[in-house]
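Observations on the three-dimensional arrangement
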Amino acid sequence: MDHLEKVEKLRQKADVSYDEAKKALEECDWDMLDALVMLEEQGKIKNSESASSQYNSDRTSENSETAQPLTVFPEQSQGEGSGQKKSNFFTKLGKAIKYLVQKGCENSLVIKQHGQALMDLPVIAFIILLILFFWVVIPIMVVSLFFDFSYNFKGAELGKDKINRTMDQATEAVNHFKSEINKDDK
């Protein structure tokens, strides 16, 4: 059943205007039963009898005449309801990924040596490097601390004092360790 047929069918069953039927179907992803229920909840159905029960009883009598199994909508297979849930999940997942990438581009990791900024790396690139080359990136970062490198974050979300203070404490701990080693050598 195409969209126009669904609008006409809903108009007949619910006794509503074309615009009301079309709007209800669009809001319900063209699901006829959901549109009927929505119109019923909004009090827009003009019939005294419940339109959704009328629609279902009409479908039942049609099906008994043609000896087909009872289905609310012939164009909708049993597995389609879960398909809508899956598409909702993927839509939400897509939005979450888009948000994380956007925030990952807005914030950055600043790599400094002797207090002078050498590189300003977007956090998303840093995360990708961590995921793909974890066993290389972490040791390089730790070893680089011994060569007077330091790391700080910049940006609205990660540029907070608490986060950067923690990064500075790691740098100070390495510098303290280096000075202890130098004292023992002399």
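Structure: see above.
Now for a look at the structure at hand. (Residues numbered from 1 in each chain as written. Predicted model: local features only at pLDDT ≥ 70, side-chain atom pairs only at ≥ 80, totals over all residues. Heavy atoms only, no water.)

**Comments concerning the side chain of N152**
Filter applied, for reference: Here a helix means four or more residues in a row that DSSP labels H or I, a strand means two or more in a row labelled E, and each is numbered from the N terminus. Exposure is judged per residue with a 1.4 Å probe applied to protein chains only, and the accessible area is read against the type maximum: over 50% gives exposed, under 20% gives buried, and values in between give partly exposed. N or O atoms within 3.5 Å of each other form a polar contact, as long as, within protein, one can give a hydrogen and the other can take it, and as long as residues adjacent in sequence are counted only when both atoms are side-chain atoms. Note on contacts: a residue pair is in contact if any heavy atoms of the two residues lie within 4.5 Å.
Residue position: N152 is located in strand β3 (residues 149–154). Relative accessible area serves as the criterion here: at 11%, N152 is assigned to the buried category. For N152, the side chain forms a polar contact with the side chain of D168, separated by 3.3 Å. Dropping the residues within four chain positions of it, N152 is found in contact with S108, L109, V110, K112, N164, M167 and D168.

**Side note on the sheet that holds strand β2 (residues 116–122)**
Our working rule: Strand pairing is assigned whenever DSSP detects at least two bridges linking the two strands. Lines fitted to the C-alpha atoms define the axes, with helices restricted to the stretch that makes contact. Angles between their N-to-C directions range from 0 to 180 degrees.
Strands sit in the order β2-β1-β3 across an open sheet of 3 strands; the sheet is antiparallel. Looking at which strands have only one partner, the edges of the open sheet turn out to be β2 and β3. Taking each pair of neighbouring strands and ignoring which way they run, the sheet shows an average axis angle of 25°. The pairing of strand β1 (residues 108–113) with β3 spans 6 bridges and is antiparallel. If you follow S108 over to β3, its bridge partner there is K154. Against the sheet, helix α7 (residues 161–185) touches β1 and β3, its axis set at about 175° to β3.

**Thoughts on the nonpolar core**
Going by this rule: What is meant by a nonpolar core is a set of buried Ala, Val, Leu, Ile, Met, Phe, Trp, Tyr and Cys residues, joined one to another through side-chain atoms within 4.5 Å.
Counting 15 residues, the largest nonpolar core has L10, A14, A24, L25, A35 and L39 as its most contacted members. Broken down by secondary-structure element, the contributors of at least two residues to this core are α1 (3–14), α2 (18–27) and α3 (32–41). Top element by residues in this core is α3. It accounts for 5 residues. When residues no more than four places from it in sequence are discounted, the contact partners of A35 are L10, A24, L25 and C28. Core analysis: the second largest hydrophobic core is formed by 11 residues, L109, L121, F126 and M141 among them.

**Comments concerning the packing of α1 against α3**
Angle between the axes and distance between the axes are the two parameters that describe a pair of packed helices. Rules: Oblique is the label for any angle not covered by the other classes, which are roughly parallel (under 35 degrees), roughly antiparallel (over 145) and roughly perpendicular (65 to 115). Crossing handedness is read from the near helix: turned anticlockwise from the far helix by less than a right angle, it gives a left-handed crossing, and turned clockwise, a right-handed one.
Here α1 crosses α3 at 40°, and the two axes come no closer than 11 Å. With respect to α3, the axis of α1 lies oblique. In this structure, the crossing between α1 and α3 has a hand that is right-handed. Listed contacts from α3 to K6, K9, L10, K13 and A14 of α1 are M32, A35, L36 and L39.

**Description of the pattern of salt bridges**
Rules: Each salt bridge in this description consists of a side-chain nitrogen of Lys or Arg and a carboxyl oxygen of Asp or Glu lying within 4 Å of one another.
Within the structure shown, the criterion is met by 6 salt bridges. Between K103 and E106 there is a salt bridge, and its shortest N-O distance comes to 3.3 Å. Linking K103 with E106, this pair stays in helix α5 (residues 80–106), spanning 3 residues, or about one helical turn. Classification of E106 by relative accessible area gives partly exposed; the value is 42%. Ionic pairing is found between K183 and E180, a salt bridge with its closest N-O pair at 3.9 Å. You can see K183 and its partner E180 sitting in helix α7, 3 residues apart, about one turn around the helix.

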